[in-house]
Amino acid sequence: MLKINNLHASIDDKSILKGLNIEVKAGEIHAIMGPNGAGKSTLANIIAGKEEYEVTDGIIELDGEDISELAPEERAHNGVFLSFQYPVEIPGVSVTNFIKTAINETRKAKGLEDMPAKDMLKMIREKSELLEIDRKFLSRSLNEGFSGGEKKRNEIFQMAMLEPKLAILDETDSGLDIDALRIVANGVNKLKSKDNAVIVITHYQRLLDYIVPDFVHVLHDGKIVKTGDASLALELEAKGYDWIKKELV
Amino acid sequence: MSKYTEEDLEQELKTKEYEYGFYTDIESETFAKGLNEDVVRAISKKKNEPQWMTDWRIEAFRVWEKMEEPDWANVKYPKPDFQGIAYYSAPKQKPKLNSLDEVDPDLLETFKKLGISLEEQKRLANVAVDIVIDSVSVATTFKKTLGEKGIIFMPISEAIQEHPELVRKHLGTVVPTSDNFYAALNSAVFSDGSFCYIPKGVKCPMELSTYFRINEGGTGQFERTLVVADKGSYVSYLEGCTAPSRDENQLHAAVVELIALDDAEIKYSTVQNWYPGDADGKGGVFNFVTKRGICETNAKISWTQVETGSAVTWKYPSCILKGNNSVGEFYSIAVTNHHQQADTGTKMIHLGKNTKSTIISKGISAGKSQNSYRGLVHVGARAENARNFSQCDSLLMGNACGAHTFPYIEAKNKSAQIEHEATTSKIGEDQLFYCNQRGIDTEKAIALIVNGFSKEVLNKLPMEFAVEAQKLLEISLEGSVG
């Protein structure tokens, strides 16, 4: 599904990704771990198409198609979803209105009519139940005054509504208490199917107790330096990242 | 008969022979350029007005002659040449078109975006329509219902003929002829406008809209509106139609007067989208409006405005809270894009006891535009327990535009409670990327953010008006990215 080859990227002439390779197939869950400043969030933003980053070399393919020249909204229409580490506030725009706009814009790009209100309502009801979201929450302004947990739950709610092919969860566990973490992880697990894929970017092993990855990658200094199965995350938790760094020397 | 040239007209005006006959030729239904007492008299005569009305106009003209154009507003524009304007023009006979194919495609595109029906598009673009369109039958039903309640709603020129006592009693009582330069000019030469009277205790059962007014012949350069809500009555009045207006008249100077007698309530909503000029700032309407209302005891006036048009806007819908316990409200969205300039706000004049006012102003600036809020809260010495809450929010798009806030507070009574809040924000790259990531392109994202920002005011508009106003915001800000 996603194939990244020899990706080099920089921001303000500062090189961040230095020849990164990864391949994610449909039905898989990949975890990307690594110390602060390794380039984890940069990778997420580059896949989503954030313009501040300059891709200097390499390719990003989604289902065999090069997406590196596409605008962020076009990538979204092709099924890329990013759960933000720091979701932004949009005052005066309700969660419902926002997700409705997102869905209908995506449908429009595919030449479809707006989703009928009845279907939208049904879907909102189902997905909000899945994530134990209170109805009142949906009428609040997007992320305005939301607690950390509410913000992340809202991200996963949007993911549930948009049904992406490839979901990238950027530090979704940060700011979550254990109950919220369980709810969010359950949501992700229920949304998982053989046709979609998830990349979980995280600092800690904690989230991976709930969302069990097929592959764990260690990102260090702009490259994937080690790949293993779920047990690698546990090893990292026990030994820290220095162990990897030493191994590299 | 060959048509009159402007020189011919001028000649006739000089010799005062204009009073006879030459108006029959449609093409010469415009007065020569320039303004003097004779022209004012001629306008009054043309409208067959009673002597008191003529005198009133003349008095206004004499005041105007001695006044100077104000220059304190935060707007820059070439001063209009007041002698270079023709002050009377009969309802324009637009060329009749045979089908929509003959209409300016830009205009049609805008109609489409506003979701205006095909039949309505034809009507607005002056295409001959051979079937009875909805609005005609709506208008008829409308008139009947109003008549049963004793509500008067008609062009002010007709009201001067049919209800002279009402017009004479109230005209100029809120905005005196000498109020300001443009109000004086309007008083001298106003072409037409609306008059509305709601009898005692009557709740007007529908939104009164100039849109439905019969015989509307274009808004005109110098529109005059007078709304009188008698004791205990209620009316919601909608001004303007959200269809795009391509009026090329450079100068517009309207006056609106609202009178809310004891226990009455007037809601006055405006959507203004006159031609703002092109992207380079060429052309566009100069809009210098005086709007004011007076509240007697327990009365309430709410102004709600969505301003997206005009090259230059100078407008301060105000409330004089004369009666005890009266309430004034001002809800405004002003959008400026490209080279537009707006200096708009309100005045809340608290004179009575326990008077309350609320001001919510949302300014949105894009392109190279300048958007100013200017507001006065005045609390008179006898206004015990007056309260005001003002909130002025500015939203900026890009780095070339400006937002300014000029709040003035004058409190002469110690019991006054005045609160003022102001915020300035910018549409952030992060907000746009977030929306983009969810499949919403930048143009749509801006519309979404702007609508969210303006929500408190949009909510104050009558439902169907609010929907159109939202679309209008979207259209106004098109091309503001990049």
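Anything mentioned here points back to the structure above.
All of these numbers come straight from a predicted model, not from anything done at the bench.

Trainee: Tell me about the overall build of chain B, and name the residues and values.
Mentor: Within chain B one finds 12 helices and 19 strands. Counting the 482 residues in chain B, one finds 48% classified as buried.

Trainee: Describe the overall build of chain A, and please don't skip the residues or the numbers.
Mentor: Scanning chain A from terminus to terminus reveals eight helices and 12 strands. Scaling as 2.2 N^0.38, a compact globule of 249 residues should have a C-alpha radius of gyration of about 18 Å, and chain A matches this with 18 Å. When each of the 249 residues of chain A is scored for burial, the buried share is 41%. Long-range contacts, defined here as pairs at least 24 residues apart, represent 72% of the contacts in chain A between residues at least 6 apart.

Trainee: Give a description of the nonpolar core that names residues and reports values.
Mentor: Grouped together as the largest cluster of nonpolar side chains are 182 residues, with contacts concentrated most on A:Ile168, B:Val227, B:Ala229, B:Ala260 and B:Ile266. It is helix α11 (residues 442-458) of chain B that contributes the most residues to this core, nine residues altogether. Not counting residues within four places of it along the chain, the set of residues in contact with B:Ala260 comprises B:Ala229, B:Glu265, B:Ile266, B:Gly293, B:Ile294, B:Cys295, B:Glu296, B:Ala299, B:Lys300 and B:Ile301.

Trainee: Describe the sheet that holds strand β3 (residues 208-209) of chain B, and please don't skip the residues or the numbers.
Mentor: Residues and elements named next belong to chain B. In space, the eight strands of this open sheet follow the order β3-β5-β8-β10-β13-β15-β17-β19, with parallel pairing throughout. Two strands lie at the open edges of the sheet, namely β3 and β19 (417-426), each paired on one side alone. Across the sheet, α11 is in contact with β10 (300-307), β13 (327-336), β15 (356-365) and β17 (387-396); its angle to β15 comes to roughly 165°.

Trainee: If you had to explain the packing of helix α5 (residues 148-162) of chain A against helix α6 (residues 178-191) of chain A to someone new, which residues and values would you point to?
Mentor: Residue and element names in this part refer to chain A. The interhelical angle for the contact between α5 and α6, taken along N-to-C directions, is 10°, at an axis separation of 10 Å. Judged by the inter-axis angle, α5 sits roughly parallel to α6. Of the residues in α6, those touching α5 at Gly149, Lys152, Arg153, Ile156, Met159 and Ala160 are Ala180, Ile183, Val184, Gly187, Val188 and Leu191. Residue classes in the contact of α5 with α6 are distributed as eight nonpolar, two polar and two charged.

Trainee: Break down the interface of chain B and chain A for me, citing the residues and quoting the values.
Mentor: Between chain B and chain A, the residue contacts involve 16 residues of the former and 21 residues of the latter. For the side of chain B that touches chain A, the secondary structure elements donating two or more residues are α10 (429-437) and α11 of chain B. Tallied by class, the residues present in the side of chain B that touches chain A amount to six nonpolar, five polar and five charged.

Trainee: Describe the sheet that holds strand β9 (residues 166-170) of chain A, listing the residues and the values that go with them.
Mentor: All names here are of chain A. If you trace the six strands from one edge of the open sheet to the other, you get β6-β9-β10-β3-β11-β12, paired in mixed fashion. If you trace the sheet from one side to the other, it starts and ends with β6 (80-83) and β12 (223-228), each paired once. In this sheet, neighbouring strand axes are inclined to one another by 20° on average, regardless of whether the strands run parallel or antiparallel. Summarising the sheet, β9 and strand β10 (residues 197-202) pair through five bridges and their orientation is parallel.

Trainee: Lay out α5(A) with the relevant residues and their values.
Mentor: All names here are of chain A. Along its 15 residues, α5 runs 21 Å from first to last C-alpha, staying within 8% of the 21 Å computed at 1.5 Å per residue. Burial runs high along α5: 12 of the 15 residues are buried. Residues of α5 that are buried include every one of Glu150, Lys151, Lys152, Arg153, Asn154, Glu155, Ile156, Phe157, Gln158, Met159, Ala160 and Met161, and no others.

Trainee: An account of unusual backbone geometry is requested, with residue identities and associated values reported.
Mentor: Phi is mostly negative for residues that are not glycine, and the peptide bonds are mostly trans. Residue and element names in this part refer to chain B. Its identity is not glycine, yet Ser310 carries a phi of approximately 70°, on the positive side. Residue placement: Ser310 occurs in the loop between β10 and β11 (312-315). For Ser310, a count of 25 C-beta atoms within 10 Å corresponds to the buried category. The backbone of His338 sits at a positive phi, close to 50°, despite the residue not being glycine. By the secondary structure assignment, His338 is in the loop between β13 and β14 (341-350).

Trainee: Outline the environment of B:Gly452, supporting the account with residue identities and numerical values.
Mentor: Position of B:Gly452 relative to the elements: it lies in helix α11. Here B:Gly452 falls in the buried class, since 22 other C-beta atoms lie within 10 Å of it. Filtering out sequence-adjacent residues up to four positions away, B:Gly452 remains in contact with A:Ile90, A:Pro91, A:Gly92 and A:Val93.

Cut-offs and rules
- Residues numbered from 1 in each chain as written.
- Chains lettered and ligands numbered in written order.
- Predicted model: local features only at pLDDT ≥ 70, side-chain atom pairs only at ≥ 80, totals over all residues.
- Helix = DSSP H or I, 4+ residues; strand = E, 2+ residues; numbered from the N terminus.
- Buried ≥ 20, exposed ≤ 12 C-beta atoms within 10 Å, placed from the backbone.
- Rg over C-alpha atoms; globule rule 2.2 N^0.38 Å.
- Contact = placed C-beta atoms within 7 Å.
- Core = buried A, V, L, I, M, F, W, Y, C linked by C-beta atoms within 7 Å.
- Pairing = 2+ DSSP bridges.
- Axes fitted to C-alpha atoms, helices over the stretch in contact; angles between N-to-C directions.
- Parallel < 35°, antiparallel > 145°, perpendicular 65-115°, else oblique.
- Nonpolar A, V, L, I, M, F, W, Y, C, P; charged D, E, K, R; others polar.
- Expected span 1.5 Å × (residues − 1).

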